[in-house]
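# Tertiary structure, described
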Amino acid sequence: MDWFVNTDAATMSPLGLFLQADWVVKAVMIGLLLASIWTWGIIFSLRGRIAKARKAADRFERDYRKSDDIDAFHRLHGDEDHPVARVFAAGVTEWRRSTGGRSLDKEGTRERLATTMGAAVALEIDRLSDRLNILATVGSVAPFVGLFGTVWGIMRSFTAIASEQNTSLAVVAPGIAEALFATAIGLFAAIPAVIAYNRFSHGINKVEARLNRFADGFHATLSRQLDGGVGGGTAPAQKSLL
């Protein structure tokens, strides 16, 4: 702990390297540290959001398979606040609108159902992936920002050599160490961001595929009901979905 808070740059302590750095390099370090904190906040937020969506989908689909009456199931679960429930509610709402009139356009109803649920899936994925682009930005930009701080610090070290006319390692080493510390902070911010971006992108893609499977299955059930000639705004009973 004493090493970490030591203010002497020669000890290679993080605090010492920061305090002895040029103001430009300090600004770079502070910006990268703030980006790292922001990144970890997004990581914990997305992790909880995706896990919550998966658990809610497991429960919702399990209860849905047990239901014999979609209308009754919709009254009980249609207002739940998670992606699968909102896709389901969008499908039921469009079904009622399309079949509630005197005339029934089967092909038009099928197209509207597919469009409505597809749009609902896209909206849910947009909500779920909110701020994912920030991880991509930090992961790609942070190393270059750190490199900028490194280049600036090394330039400062060479300036010190020229002004003191001394090439001793003791003269240039602190400045070079401060400069390289900026690159290290850039990597510290970028590496978790890149790993998290790839991991969460994969998780969101799986959620999207799951929502699309649910929407396709629900659309198939409603389409079969159309072939059976049922309308009047009442969703059909189901047992074979999914």
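Residues numbered from 1 in each chain as written. Predicted model: local features only at pLDDT ≥ 70, side-chain atom pairs only at ≥ 80, totals over all residues. Heavy atoms only, no water.

Right, let's get into the overall build of the chain. When its secondary structure is counted, the chain shows eight helices and zero strands. From first element to last, N terminus to C terminus, the chain shows the α and β order α-α-α-α-α-α-α-α. Here the chain, with 242 residues, has 43% of them falling under the buried criterion. The contacts of the chain with a sequence gap of at least 6 include a subset with a gap of at least 24, amounting to 73%. As displayed, the chain has an accessible area near 13200 Å², and 61% of this comes from carbon and sulfur atoms. (Helix = DSSP H or I, 4+ residues; strand = E, 2+ residues; numbered from the N terminus. Buried < 20%, exposed > 50% of the residue type's maximum accessible area, 1.4 Å probe, protein only. Contact = heavy atoms within 4.5 Å. Areas by Shrake-Rupley, 256 points an atom, 1.4 Å probe, with all protein chains shown as cover.)

Our focus in this paragraph is the pattern of salt bridges. If you walk through the whole model with that rule in mind, you get 10 salt bridges. Among the salt bridges present, the one from R65 reaches E61, with a minimum N-O distance of 3.7 Å. Placement of both R65 and E61 in helix 3 (residues 23–66) is noted, with a separation of four residues, approximately one turn of the helix. For R65, a relative accessible area of 43% puts it in the partly exposed group. (Salt bridge = Lys/Arg side-chain N within 4 Å of Asp/Glu carboxyl O.)

Among the secondary structure elements, H82 is positioned in the loop between helix 4 (70–77) and helix 5 (83–99). Assessed through its relative accessible area of 6%, H82 is described here as buried. Side-chain polar atoms of H82 contact the side chain of E80, separated by 2.7 Å. Residues contacting H82, with those up to four places away along its chain left out, are A56, R59 and F60. (Polar contact = N/O pair within 3.5 Å; in protein donor to acceptor, adjacent residues only side chain to side chain.)

Glancing now at a nonpolar patch on the surface. Taken together, F144, L147, V151 and M155 make up a surface patch of nonpolar side chains, about 410 Å² in accessible area. With respect to the element layout, V151 can be found in helix 7 (residues 132–164). (Patch = residues over 30% accessible without salt bridge, like charges linked within 9 Å, V, L, I, M, F, W, Y side chains within 5 Å.)

V87, F88, L135, F200 and F218 are the most contacted members of the largest nonpolar core, which has 52 residues in total. At the level of secondary structure, the elements contributing two or more residues to this core comprise helix 3, helix 4, helix 5, helix 6 (106–128), helix 7 and helix 8 (169–227). It is helix 8 that contributes the most residues to this core, 17 residues altogether. Residue contacts for F88: discarding those within four places in its chain leaves F60, Y64, I70, F73, H74, F214 and F218. (Core = buried A, V, L, I, M, F, W, Y, C linked by side-chain atoms within 4.5 Å.)

For the rest of this paragraph, the subject is the environment of K206. Along the chain, the position of K206 falls in helix 8. For K206, a relative accessible area of 46% puts it in the partly exposed group.

Attention shifts here to the packing of helix 3 against helix 5. Where helix 3 meets helix 5, the axes come as close as 8 Å, and the angle between the chain directions of the two elements is 50°. On the basis of the axis angle, helix 3 is oblique to helix 5. Residue-level inspection shows A53, A57, F60 and Y64 of helix 3 in contact with helix 5, the latter providing P83, V84, A85 and F88. For the contact of helix 3 with helix 5, a count of residues per class yields eight nonpolar, no polar and no charged. (Axes fitted to C-alpha atoms, helices over the stretch in contact; angles between N-to-C directions. Parallel < 35°, antiparallel > 145°, perpendicular 65-115°, else oblique. Nonpolar A, V, L, I, M, F, W, Y, C, P; charged D, E, K, R; others polar.)

Below, the discussion takes up the packing of aromatic side chains. In total, this model carries 13 aromatic pairs according to the counting rule given. Through successive ring pairs, a cluster of aromatic residues spans F60, Y64, F73, F88, F214 and F218. (Phe/Tyr/Trp six-rings, centres within 6.5 Å; stacked < 30°, edge-to-face > 60°.)

When pLDDT is averaged along the chain, the result is 83; 84% of the residues meet or exceed 70. Every residue in residues 231–242 scores below 50 in pLDDT, and together they form 36 contacts with partners more than four places removed in sequence or on other chains. (pLDDT = per-residue confidence, 0-100.)

As a further point, take the environment of F18. Within the secondary structure, F18 is located in helix 2 (residues 14–20). With 164 residues separating them along the chain, F18 and A182 place their C-alpha atoms 8.9 Å apart. With residues near it in sequence (within four places) discarded, F18 still touches K26, M29 and I30.

Turning to unusual backbone geometry, a few remarks are in order. One non-glycine residue, R131, lies in positive phi territory at about 75°. Tracing the sequence through the fold places R131 in the loop between helix 6 and helix 7.

Take the packing of helix 5 against helix 6 next. Between helix 5 and helix 6, the shortest axis-to-axis distance is 9 Å and the interhelical angle comes to 155°. In terms of axis orientation, helix 5 runs roughly antiparallel to helix 6. In the crossing of helix 5 with helix 6, the sense of the turn from one axis to the other is right-handed. In contact with P83, R86, V87, A90, G91, E94, W95, S98 and T99 of helix 5, helix 6 contributes T109, R112, L113, T116, M117, A120, V121, E124 and R127. (Left-handed = near helix turned anticlockwise from the far one by under 90°.)

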